[in-house]
Amino acid sequence: PTQFLKQLTPLVNTATNLMFDLGSVGKGISLITSNPDARIWLSKSGYEIANRGLQSITNLEGTNTRLDKAAEGGREKLGRAIIEANKFYLEKFLVNPDRFAAQASWIAYYMNDLKKQGIDPSNIDWSNHKVNKQAGAFAEQQVGRQQNVSDIALQGDLFRGKSFAKQFARKTLFPFANFLTNQKTRMYTDINIATSKTA
């Protein structure tokens, strides 16, 4: 159950990156939790953030279908109960809070960039709002850089590979490693740029 809170920690990172622009972060959280027009707008925005979590849910459903078939037999009810509990746990405590944090951060970055362009984001009618491409690109870049890319196809070969060996390695040895790998890569790249004489 503590995984839920751990998945929300990127919101603190977002607030820090926006120089404690808590208005944008708070508004992002508020819009994702209570504004259906903003959620629909985000899902139709054309950015990869709209698909955040769908790959994880698809993986869970694919795994559960195989486990479901394997659970036929004498201990079928116990097997199904364990499978359903596992699926529920992963969706509620891992996938959903990750998607929430990423989407709230995306909107916060989006609104922050609108402010930099001199556009007041407080009066946006999300049911008719046209995507500001500059703000959308900034938000997408920041979420991908600070948290993780939302589109599995943009991740490394290990995390998008379909072969049995890659899927086995990913699901058994590196189930939560893509976020960690992203953070380490970003940190090493930033250190190299900061210490470079030509950067």
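Everything discussed here concerns the structure shown above.
Residues numbered from 1 in each chain as written. Predicted model: local features only at pLDDT ≥ 70, side-chain atom pairs only at ≥ 80, totals over all residues. Heavy atoms only, no water.

S.K.: How should the pattern of salt bridges be read in this particular structure?
M.R.: Where charged atoms from two side chains of opposite charge approach closely, those side chains can pair. Inspection of the entire model under this criterion finds one salt bridge. Close ionic contact of R52 with D98 constitutes a salt bridge, the shortest N to O distance being 3.0 Å. Of the two residues, R52 is situated in the loop between α4 (36-43) and α5 (54-70) and D98 in helix α6 (residues 76-116); the sequence distance between them amounts to 46 residues. Its relative accessible area of 22% is what places D98 among the partly exposed residues. (Salt bridge = Lys/Arg side-chain N within 4 Å of Asp/Glu carboxyl O. Helix = DSSP H or I, 4+ residues; strand = E, 2+ residues; numbered from the N terminus. Buried < 20%, exposed > 50% of the residue type's maximum accessible area, 1.4 Å probe, protein only.)

S.K.: Would you mind showing me how to read the packing of aromatic side chains here?
M.R.: Pairs of aromatic rings are described using the distance from one ring centre to the other and the angle between the two planes. Counted under the stated rule, the structure contains eight aromatic pairs. Their ring planes at 55 degrees and their centres at 6.0 Å tell us that W41 and W106 sit as a pair that is tilted. Placement of W41 in helix α4 and of W106 in helix α6 is noted, with a sequence separation of 65 residues between them. Judged by relative accessible area, which is 7%, W41 ranks as buried. Connected via pairs of aromatic rings, a cluster forms that spans W41, Y47, W106, Y110 and W126. (Phe/Tyr/Trp six-rings, centres within 6.5 Å; stacked < 30°, edge-to-face > 60°.)

S.K.: Whenever I open this one, α4 confuses me. Can you help?
M.R.: Since the α-helix packs 3.6 residues into each turn, any two residues three or four apart lie on the same face. A38, W41 and L42 are the residues of α4 that are buried. On an axial view of α4, the arc spanned by its buried residues comes to 95 degrees, and they lie on one face. Sitting at the head of α4, N35 places a side-chain oxygen 2.9 Å from the backbone nitrogen of D37. (Arc of directions from axis to C-beta. Polar contact = N/O pair within 3.5 Å; in protein donor to acceptor, adjacent residues only side chain to side chain.)

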